[in-house]
Amino acid sequence: MPNERLRAVMAAGGWTYATLAEKTEVDPKSVERWVNQGRVPRRATAVQAAEALGEDVHALWPALRQARAARAVSPELVALYDQRADVPVSRYTDLFAQAREHIDVLVYAAVFLHEAYPRLNDLLRERAAQGCSVRIALGDADSENVRQRGEEERFGHGIESRCRLALMHYRPLVGVPGIKIRTHGTTLYNSLYRADDQLLVNAHIWGANAFAAPVWHLRRNGDGGVFDTYAQSFDAVWATATPVQEE
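Throughout what follows, the structure given in this document is the object of discussion. Everything numeric in this text was worked out from a predicted model, so none of it was measured. (Residues numbered from 1 in each chain as written. Predicted model: local features only at pLDDT ≥ 70, side-chain atom pairs only at ≥ 80, totals over all residues. Heavy atoms only, no water.)

1. Focus on the overall build of the protein
- Counting its secondary structure elements, the protein contains 11 helices and 8 strands.
- As displayed, the protein offers around 13200 Å² of accessible surface, 50% of which is attributable to carbon and sulfur atoms.
- The average position of the 29 basic charges and that of the 31 acidic charges among the side chains of the protein differ by 4 Å. (Helix = DSSP H or I, 4+ residues; strand = E, 2+ residues; numbered from the N terminus. Areas by Shrake-Rupley, 256 points an atom, 1.4 Å probe, with all protein chains shown as cover. Lys, Arg positive; Asp, Glu negative; His and termini not counted. Charge placed at Lys NZ, Arg CZ, Asp CG, Glu CD.)

2. Thoughts on the pattern of salt bridges
- Considering all chains together, one arrives at 12 salt bridges under this definition.
- Arginine 119 serves as the salt-bridge partner of aspartate 122, at 4.0 Å between the closest nitrogen and oxygen.
- One salt bridge in this structure joins arginine 220 and aspartate 223, with 2.5 Å as the shortest N-O distance.
- Judged by its relative accessible area of 29%, arginine 220 is partly exposed.
- Here the residues in one salt-bridge network are Asp104, Arg135, Arg194 and Asp235, joined through shared partners. (Salt bridge = Lys/Arg side-chain N within 4 Å of Asp/Glu carboxyl O. Buried < 20%, exposed > 50% of the residue type's maximum accessible area, 1.4 Å probe, protein only.)

3. Observations regarding the packing of helix α2 (residues 17-24) against helix α4 (residues 43-53)
- In contact at an axis separation of 9 Å, α2 and α4 are set at 120 degrees when each is read in the N-to-C sense. With respect to α4, the element α2 is oriented oblique. By crossing handedness, the relation of α2 to α4 is classed as right-handed. Every residue of α4 that contacts α2 at Leu20, Lys23 and Thr24 is listed here: Thr45, Gln48, Ala49, Ala52 and Leu53.
- Residue composition of the contact of α2 with α4, by class: 4 nonpolar, 3 polar and 1 charged. (Axes fitted to C-alpha atoms, helices over the stretch in contact; angles between N-to-C directions. Parallel < 35°, antiparallel > 145°, perpendicular 65-115°, else oblique. Left-handed = near helix turned anticlockwise from the far one by under 90°. Contact = heavy atoms within 4.5 Å. Nonpolar A, V, L, I, M, F, W, Y, C, P; charged D, E, K, R; others polar.)

4. Re the nonpolar core
- Leu124, Tyr170, Ile181 and Tyr193 are the most contacted members of the largest nonpolar core, which totals 35 residues.
- At the level of secondary structure, the elements contributing two or more residues to this core comprise α6 (89-98), β2 (102-106), α7 (112-116), α8 (120-129), β3 (133-139), α10 (158-170), β4 (179-184) and β5 (190-195).
- Here tyrosine 193 is in contact with Tyr92, Phe96, Asp104, Val105, Val107, Ala110, Phe112, Leu113, Gln198, Leu199, Leu200 and Asn202, once residues within four sequence places are set aside.
- In this structure, Leu188, Leu192, Phe227 and Ala231 belong to the second largest nonpolar core, which totals 18 residues. (Core = buried A, V, L, I, M, F, W, Y, C linked by side-chain atoms within 4.5 Å.)

5. Quick look at the side chain of arginine 149
- Its place among the elements puts arginine 149 in helix α9 (residues 144-153).
- Beyond its immediate chain neighbours, meaning those up to four positions away, arginine 149 contacts Tyr108, Ile159, His204, Ile205, Ala208, Asn209 and Ala210.

6. What to know about the sheet that holds strand β6 (residues 198-203)
- An order of β1-β7-β6-β5-β2-β3-β4-β8 is seen for the 8 strands of this open sheet, with the pairing classed as mixed. In this open sheet, the two strands that pair with only one neighbour each are β1 (77-81) and β8 (242-243).
- Bridge count between β5 and β6: 6 bridges; the pairing is antiparallel. Along β6, the bridge assignment pairs tyrosine 193 with leucine 200. (Pairing = 2+ DSSP bridges.)

7. Points about unusual backbone geometry
- Within the chain, glutamate 25 stands out as a residue other than glycine whose phi angle is a positive 60 degrees.
- Tracing the backbone through its elements, the reader meets glutamate 25 in the loop between α2 and α3 (28-36).

8. What about the pairing of β6?
- By the criterion of burial, β6 is predominantly enclosed, with 6 of the 6 residues buried.
- Residues Gln198, Leu200 and Asn202 point to one face of β6 and Leu199, Val201 and Ala203 to the other, with burial holding for every one of them.
- Joining the antiparallel neighbours β5 and β6 is a turn of 2 residues, in which aspartate 196 adopts a positive phi near 55 degrees.
- Inspection of the sheet shows β6 paired to strand β7 (residues 215-219) by 5 bridges, in the antiparallel sense. By the bridge assignment for β7, leucine 200 is matched with histidine 217.

9. Some details on the pairing of β7
- Pairing analysis gives 4 bridges linking β1 to β7, with the strands arranged antiparallel. Across the sheet, the residue bridging to leucine 77 is leucine 218, located in β7.

10. A short note on the packing of aromatic side chains
- Enumeration over the complete set of coordinates arrives at 5 aromatic pairs.
- Ring centres of phenylalanine 112 and tyrosine 193 lie 6.4 Å apart, and the angle between their planes is 70 degrees; on these two criteria the pair is classed as edge-to-face. Residue phenylalanine 112 is located in helix α7, and its partner tyrosine 193 is located in strand β5; the two are separated by 81 residues in the primary sequence. Tyrosine 193 shares its class with phenylalanine 112; the two are buried.
- With 5.8 Å between their ring centres and 15 degrees between their planes, phenylalanine 234 and tryptophan 238 make a pair best called stacked. You can see phenylalanine 234 and its partner tryptophan 238 sitting in helix α11 (residues 226-240), 4 residues apart, about one turn around the helix.
- Given the relative accessible area of 7%, tryptophan 238 is considered buried.
- Grouping aromatic residues by their ring pairs yields a cluster made of Tyr92, Phe112 and Tyr193.
- Over the aromatic face of tryptophan 238 sits the side chain of arginine 135, whose NZ or CZ is 5.5 Å from the ring centroid. (Phe/Tyr/Trp six-rings, centres within 6.5 Å; stacked < 30°, edge-to-face > 60°. Lys NZ or Arg CZ within 6 Å of the ring centre and 35° of its normal.)

Take a look at the structure:
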């Protein structure tokens, strides 16, 4: 059944299949099917189209109001740990050692990695030398969000000290080809440890240190899944972060 509401909104705004397709980064034939066959686009694409048209997404595609059936287990979930302390450090280092394209770390400090595995910098250098892109985003010790996190954890200024210690650990890697170190001041909802298509997510819980919060191990399973949501979150923080300069 044609989507007459969408047809009318497009006509009123002077939109063509081609112009709306360009705005939503889809093929014009997809837009044509939305209109003439009543096809419903993916939710993210529908929201993007509705914003461009200045219309409510549910008015254009009422079917999107329907709740999705919950899955008992995500196909991307490899393992769930009750707390970070249950994850052996070898889990992190083995994933990094296997990486061929991407290693991304988003934390405030995570000094436990260097403390438990002193060869971490050597491992990252080796991966970078083999063509792997390594990006490390650490908390800015002087940022308000880091200070606030310390108060929430009841660690006071401890987390600020750990951020400075983490930067000291990683500083020898500044300037190494293929490795980039930045500091960020964002509100950190999760610490992320990515190695290609695998990801360890350490949730942050108000009032608890990260070592006492759960960790889920994800493996990417196609576009648009949970893995991609976290990967995009990393990219968003990375874009706001400040590069660490050589001394």
